[in-house]
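A structural walkthrough
Here's the letter readout for the chains.
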Amino acid sequence: MHSAETLIEFRIRIDAERLLTLKRLDRFRKLSDAMMAFQNRRGPAPTTEDFETWRKQV
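Residues numbered from 1 in each chain as written. Predicted model: local features only at pLDDT ≥ 70, side-chain atom pairs only at ≥ 80, totals over all residues. Heavy atoms only, no water.

Let's shift gears to unusual backbone geometry. You will see that Arg41, though not glycine, has its phi angle at about 55 degrees, which is positive. Counting through the fold element by element, Arg41 comes out in the loop between helix H1 (4–39) and helix H2 (48–57). Take Arg41: its relative accessible area is 78%, and that puts it in the exposed class. (Helix = DSSP H or I, 4+ residues; strand = E, 2+ residues; numbered from the N terminus. Buried < 20%, exposed > 50% of the residue type's maximum accessible area, 1.4 Å probe, protein only.)

Here's what the structure looks like:
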């Protein structure tokens, strides 16, 4: 049987991983939205730096 401390530690790790995943998804959506806006001629093209920054963060 697992101790309460172990379960709490697992929950903390899972919550941290979930938060990191949501941040990565948000960054991807922002880059994807910028690319879509450019393709639809509603915004400037994302720069190479934008893509490289996103890639390093993910």
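In this section: the pattern of salt bridges. Taken as a whole, this structure holds four salt bridges when the rule is applied. Residue Lys30 pairs with Asp26 through a salt bridge whose shortest N-O separation is 3.4 Å. Remark: Asp26 and Lys30 occur in helix H1; sequence separation between them is four residues, near one turn of the helix. You can call Lys30 exposed: its relative accessible area is 57%. (Salt bridge = Lys/Arg side-chain N within 4 Å of Asp/Glu carboxyl O.)

With that settled, the discussion passes to the packing of H1 against H2. It is at 10 Å that the axes of H1 and H2 come closest, and there the two elements cross at 165 degrees. Put simply, H1 runs roughly antiparallel to H2. Where H1 crosses over H2, the two elements pack in a sense that is left-handed. Judged by residue contacts, Arg24, Arg27, Phe28 and Leu31 of H1 engage Asp50, Phe51, Trp54 and Gln57 from H2. Per-class residue counts for the contact of H1 with H2 are four nonpolar, one polar and three charged. (Axes fitted to C-alpha atoms, helices over the stretch in contact; angles between N-to-C directions. Parallel < 35°, antiparallel > 145°, perpendicular 65-115°, else oblique. Left-handed = near helix turned anticlockwise from the far one by under 90°. Contact = heavy atoms within 4.5 Å. Nonpolar A, V, L, I, M, F, W, Y, C, P; charged D, E, K, R; others polar.)

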